[in-house]
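Chain by chain, the residues:
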Amino acid sequence: MADQTHVLFVEDDDVIREATQLALERDGFAVTAMPDGLSGLEAFRADRPDIALLDVMVPGLDGVSLCRRIRDESTVPVIMLSARADSIDVVLGLEAGADDYVTKPFDGAVLVARIRAVLRRFGHAGGGDQGDAGAAADTGGVLAFGELEVDTDGMEVRRAGRPVALTPTEMRLLLEFSSAPGTVLSRDKLLERVWDYGWGGDTRVVDVHVQRLRTKIGQDRIETVRGFGYKLKA
């Protein structure tokens, strides 16, 4: 298991849980599958997986609450599984700290692709690509926007001199904004660059992450340009 990516999978439907576990294991993942939120939390604390897949509707401790508990302790990537694309549970899961979501029923190949996309983002130490970091080399890798400082070398953020704790996805999102301050970035472009979507995705993922980022770096730092996207105020 040491050489494999370890997936924690929490799903109460026995058929879905067993079939998905087998599919992930065939693709080379090591899987710990749990039927409810409380056992999932215990497994997370015991095993410290590389990624967590959480169904929204599980007994004991629902997936959204479990995501919050995990996020209180770790920045490990989390993908929520929801039965309905238009469910409020999708937004609640993202607000709880999830990095992405997949709608059920899902194709196994799509799920694996989304898992690998998330892991690629996290495999870059939570930051952007080397091109973004190199652009700030002349200033020592520290970009300043008012009281906000972004250290693109050390992958650290400070606001008014105080450290700001960001998840890797939030850090990648901020790096995209800070690499082009004052430039409007569309939701589709952010989905492509931050979430590694080579196809159309749900822009709610972007909107919720921008809101989460605003609460940490300042509500006025990222401006909404209606009908186009978002931009970082220089």
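Every value quoted in this text rests on a predicted model; they were computed, and no experiment measured them. (Residues numbered from 1 in each chain as written. Predicted model: local features only at pLDDT ≥ 70, side-chain atom pairs only at ≥ 80, totals over all residues. Heavy atoms only, no water.)

1. Quick word on the overall build of the chain
Check the secondary structure of the chain and you find nine helices and 11 strands. The proportion of buried residues among the 234 residues of the chain is 49%. When contacts within the chain are restricted to residue pairs at least 6 apart in sequence, long-range pairs at least 24 apart make up 60% of them. (Helix = DSSP H or I, 4+ residues; strand = E, 2+ residues; numbered from the N terminus. Buried < 20%, exposed > 50% of the residue type's maximum accessible area, 1.4 Å probe, protein only. Contact = heavy atoms within 4.5 Å.)

2. Structural notes on the pairing of strand β10 (residues 222-225)
Relative to strand β11 (residues 229-232), β10 runs antiparallel, the two being bridged by four bridges. In the strand pairing of β11, Ile 222 is matched with Leu 232. Here β10 folds back onto β11, and the loop between the two strands holds three residues, one of which, Gly 227, carries a positive phi near 85 degrees. (Pairing = 2+ DSSP bridges.)

3. Comments concerning the environment of Thr 103
Following the sequence through the fold, Thr 103 ends up in strand β5 (residues 100-103). Between the C-alpha atoms of Thr 103 and Leu 81, which are 22 residues apart in sequence, the distance is 5.8 Å.

4. Let's talk about the sheet that holds strand β8 (residues 156-159)
Strand pairing in a sheet is mediated by backbone hydrogen bonds. Such pairs are either parallel or antiparallel. Read across the open sheet, the four strands follow the order β6-β7-β8-β9; overall the sheet is antiparallel. Whereas interior strands pair on both sides, the edge strands pair on one side only; in this sheet they are β6 (142-145) and β9 (162-163). In this sheet, β8 lies alongside strand β7 (residues 148-151) in antiparallel orientation, the contact comprising four bridges. Looking at the pairing, Asp 151 lines up with Glu 156 of β8. Against the sheet, helix α7 (residues 168-178) makes contact with β6, β7 and β8, and its axis sits at roughly 105 degrees relative to β7, the strand it touches most. (Axes fitted to C-alpha atoms, helices over the stretch in contact; angles between N-to-C directions.)

5. With respect to helix α5 (residues 108-122)
Taking 1.5 Å as the rise per residue, α5 with 15 residues should run 21 Å; its terminal C-alpha atoms sit 21 Å apart, in good agreement. Listed in full, the buried residues belonging to α5 are Leu 111, Val 112, Arg 114, Ile 115, Ala 117, Val 118, Arg 121 and Phe 122. Next to the buried residues of α5 lie α1 (14-26), β3 (51-55), β4 (78-82), β5, α7 and α8 (187-194). You can read the cap of α5 off the contacts: a side-chain oxygen lies 2.8 Å from the backbone nitrogen of Ala 109, and it is on Asp 107. (Expected span 1.5 Å × (residues − 1). Polar contact = N/O pair within 3.5 Å; in protein donor to acceptor, adjacent residues only side chain to side chain.)

6. Notes on the environment of Phe 122
For Phe 122, the position within the fold is in helix α5. As for Phe 122 and Arg 172, which are separated by 50 residues in sequence, their C-alpha atoms are 9.2 Å apart. Excluding its chain neighbours within four sequence positions, the residues that come into contact with Phe 122 are Thr 75, Val 76, Pro 77, Asp 99, Pro 168 and Thr 169.

7. Here we look at the pairing of β3
Taking burial as the measure, the five residues of β3 include five buried ones, the bulk of the element. Where burial is concerned, the two faces of β3 agree: the one with Ile 51, Leu 53 and Asp 55 and the one with Ala 52 and Leu 54 are both buried. By the bridge criterion, four bridges tie strand β1 (residues 6-10) to β3 in an arrangement that is parallel. Across the sheet, residue Val 7 finds its bridge partner in β3, namely Ile 51. Of the pairings in the sheet, the one linking β3 to β4 comprises four bridges and is parallel in character. The residue of β4 that forms the bridge with Asp 55 is Leu 81. Taken together, β3, helix α3 (residues 63-73) and β4 form a β-α-β motif whose crossover is right-handed. (Right-handed = clockwise from strand over helix to strand, strands pointing away.)

8. Some details on the pattern of salt bridges
Between side chains of opposite charge, pairing is possible as soon as their charged atoms come close. Per the stated rule, a full pass over the model turns up 17 salt bridges. We note a salt bridge from Arg 212 to Glu 170, for which the minimum N-O separation is 3.0 Å. Of this pair, Arg 212 sits in helix α9 (residues 204-217) while Glu 170 sits in helix α7, and the two are 42 residues apart along the sequence. According to the relative accessible area criterion, Arg 212 is buried, its value standing at 10%. For Glu 170, a relative accessible area of 1% puts it in the buried group. Between Asp 202 and Arg 204 there is a salt bridge; the shortest N-O distance is 2.7 Å. For Arg 204, a relative accessible area of 24% gives the class partly exposed. Three or more residues joined by partner-sharing salt bridges are found here, namely Glu 11, Asp 55 and Lys 104. (Salt bridge = Lys/Arg side-chain N within 4 Å of Asp/Glu carboxyl O.)

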